Amino acid sequence: MWKPLSSLTALTLLFAGAVHSQSAPVDMQPYGDFSEKITAYVKLHQNMPSLRPKRQRKQIVDTRAALRAKIRQARSTARQGDIFTPLAAEEFRRVIHTVFTGAGAAAVRDTVKDPESVKGWRLTVNGDYPEDLPVTTVPPTLLLRLPTLPPEVTYRIIGRDFVLQDKEARLVIDFIPGALP
Amino acid sequence: MHFIQRAAVVFLLLLTPQTMAWQAAPAPGGPIVVTLPGKPDSVRFVAIGDMGTGEAEQYQVAARMEEFRLKLPFPFVLTLGDNIYGGKSPADLRKKFEIPYKPLLDAGVLFYASLGNHDDTNERFYKFFNMNGKQFYAFSKGNVRFFALDTDYLDPKQLAWFEQELAATTQPWKICYFHHPLYSSAAYHGSSTELRKVLEPLFVKYGVQVVFSGHEHVYERVKPQKGVYYFIEGAAGELRAGNLRQKGLTDAGFDKDRSFLAVEIAGDDLYFQAVSRTGVTVDSGSFRRPGAPDPR
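Since the model is a prediction, treat every value here as computed from it, not as a measurement.

When pLDDT is averaged along chain A, the result is 86, and 87% of the positions lie at 70 or above. Segment residues 1-19 of chain A is flagged for pLDDT under 50; beyond a separation of four residues in sequence, or across chains, it makes 33 contacts in the model.

If you walk through the whole model with that rule in mind, you get five cavities of 30 Å³ or more. Within this model, the largest cavity holds a volume of roughly 300 Å³. Taken together, 23 residues line the largest cavity, and the ones lying closest to its centre are T111(A), D114(A), H180(B), H189(B) and H215(B). Tallied by class, the residues present in the lining of the largest cavity amount to seven nonpolar, eleven polar and five charged.

With 41 residues of chain B at the contact, the number on the chain A side is 47 residues. For the pair chain B and chain A, the summed buried area comes to about 3,600 Å², and 54% of that belongs to carbon and sulfur atoms. Contact with chain A buries surface across chain B, with F125(B), Y153(B) and E194(B) losing the most and accounting together for 19% of the total. The tally of links from chain B across to chain A stands at four salt bridges. A salt bridge links R64(A) to D120(B), with the shortest nitrogen-to-oxygen separation between them at 2.8 Å. Counting every contact that joins chain B to chain A gives 16 residue pairs in polar contact (both at pLDDT 80 or more). Counting only elements with at least two residues in the side of chain B that touches chain A, the list comes to α3 (90-98), α5 (156-168) and α6 (193-206) of chain B. The leading source of residues in the side of chain B that touches chain A is α6(B), at six residues. Taken together, the residues that form the side of chain B that touches chain A break down as 14 nonpolar, 15 polar and twelve charged.

If a strand is regular, its side chains alternate between the two faces of the sheet. Residues and elements named next belong to chain B. Here strand β4 (residues 137-141) pairs with strand β5 (residues 144-148) via five bridges, running antiparallel. Each residue of the ladder has a partner; that of Y137, found in β5, is A148. Taking the residues that link successive antiparallel strands as the turn, the β4-β5 hairpin has two residues, and the phi of G142 there is positive, at about 55°.

Let us look at the sheet that holds strand β12 (residues 269-276) of chain B. All names here are of chain B. An order of β3-β2-β1-β11-β12-β13 is seen for the six strands of this open sheet, with the pairing classed as mixed. Two strands in the sheet have a free side with no partner beyond their single neighbour: β3 (110-114) and β13 (281-288). Along the sheet, successive strands turn relative to each other by an average axial angle of 20°, direction set aside. Sheet topology note: the strand β11 (residues 259-266)/β12 ladder contains eight bridges and is antiparallel. When the sheet's bridge partners are listed, L261 is paired in β12 with A274. In the packing of helix α2 (residues 56-71) onto the sheet, contacts are made with β1 (43-48), β2 (76-80), β11 and β12, and the angle to β11 comes to roughly 30°.

Looking now at the packing of aromatic side chains. Residues and elements named next belong to chain B. For the structure shown, the criterion picks out 40 aromatic pairs over all chains. Ring geometry for F76 against F146: centres 5.4 Å apart, planes inclined by 85°, an arrangement best described as edge-to-face. Of this pair, F76 sits in strand β2 while F146 sits in strand β5, placing them 70 residues apart in sequence. In this structure F76 comes out as buried when scored by relative accessible area, which is 1%. Here the aromatic rings of F136 and W161 are separated by 5.1 Å at their centres, their planes lie at 55°, and the arrangement is tilted. Taken together, the positions of F136 in the loop between β3 and β4 and W161 in helix α5 put the pair 25 residues apart, joining distant regions of the chain. Judged by its relative accessible area of 18%, W161 falls in the buried class. An aromatic cluster is built from F45, F76, Y112, Y137, F139, F146, W173, F212, Y229, F231, F272 and F287, whose rings are joined through pairwise contacts.

Basis of the calculations
- Residues numbered from 1 in each chain as written.
- Chains lettered and ligands numbered in written order.
- Predicted model: local features only at pLDDT ≥ 70, side-chain atom pairs only at ≥ 80, totals over all residues.
- Heavy atoms only, no water.
- pLDDT = per-residue confidence, 0-100.
- Contact = heavy atoms within 4.5 Å.
- 1 Å grid on protein atoms, 1.4 Å probe; cavity = no way out; pocket = protein on both sides within 12 Å on 5 of 7 lines; lining within 4 Å.
- Points joined across faces, edges and corners; volume = space filled by probe spheres on them.
- Nonpolar A, V, L, I, M, F, W, Y, C, P; charged D, E, K, R; others polar.
- Buried area = accessible area lost by both parts, 1.4 Å probe.
- Salt bridge = Lys/Arg side-chain N within 4 Å of Asp/Glu carboxyl O.
- Polar contact = N/O pair within 3.5 Å; in protein donor to acceptor, adjacent residues only side chain to side chain.
- Helix = DSSP H or I, 4+ residues; strand = E, 2+ residues; numbered from the N terminus.
- Pairing = 2+ DSSP bridges.
- Axes fitted to C-alpha atoms, helices over the stretch in contact; angles between N-to-C directions.
- Phe/Tyr/Trp six-rings, centres within 6.5 Å; stacked < 30°, edge-to-face > 60°.
- Buried < 20%, exposed > 50% of the residue type's maximum accessible area, 1.4 Å probe, protein only.

If you want it as structure tokens, here you go:
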């Protein structure tokens, strides 16, 4: 009998292969338990207050603050490398290096050529991703070669660091320092 | 502190965003002369990008948009990203969006936003932006299907969604808008060739005819590339004066002042009019939908 997939099963399947005609299936084996760790994080996120379309910006800001506080509390012991484990980080570094130095690298590097920063801000796990820090486009040809993420989380590039961010909470979940060549 | 100094400080503290609108002096220049034909049942809209500064020039362009609307109504606006620069507090959103565009919002004009690199992804939950919580989305108006993309993060999921949407579209006009231009003659950023690698094949394969972008703080109408018309309108608040370069890409450009772009689609014809902050028409014209039957 046909049975609908649970949301977590569906999320796990996102890592399984290509979702677009321009992308090749991503082999998850070299990433170790990265997908399981992401799935666990998303499960945590889904049990928190969630954002909905609102006319008042204040309602969005307040909900986001509550979400961020609860995630911080639940992950109070989180450390850099918890999700980007040494094994996963090695594979991310390898793929990033390939894309940034291989054929078409000039266009890829051009995408991240204007890194911007916020004075006095430091990248930390569970830290804020400042509202006024502009986003660097993550090169799409890199994204085509990386595990696709569920909608709650996103990859970011800040300077030479490769970052995993909670989109709604604007929270840094984990990062790989100096991942970009 | 002297009484007058103290009074001045109190006065400045009382300047809430609600009371700041009057500060923007009217833009210099004469009245706008509308060149769009205003045909019955046409699809009319305005495109603006890089506008959310909260500064006087944004207010002046917004006032010009309202002046235009009073002469030729348009029911919606496409935003091409960098909707809100800097802080994103409720006061910021009032100052950088709700107040400058209040006459338009009060008249029922809808804003369909796309996100730029200075935006917060949570702007997708802000009801005035009509994104319904989505970073990328599509909607139809008359014979046009619009696709708002998020070029900060074109992952395989977004590309797959876009391809499915394009394949399923029945409207003859397919118009895409997003922040980063695939073709640009501006010196500051230039063309995004990395994004072009993944988007242009889809535009060509599924017959996207028109693309609007921002990011460069100029107006530029690019010569059609592989049958696709590209417009940049990233000067509705910010400006990089004198930033356009001769690269052989430009059909028309304007980098001397802020501007907005008005568009009308009537049947198989698209009419455009770019208007400066001072009310001058800096570019206008029309073209027929590529592939449309010859009207003669």
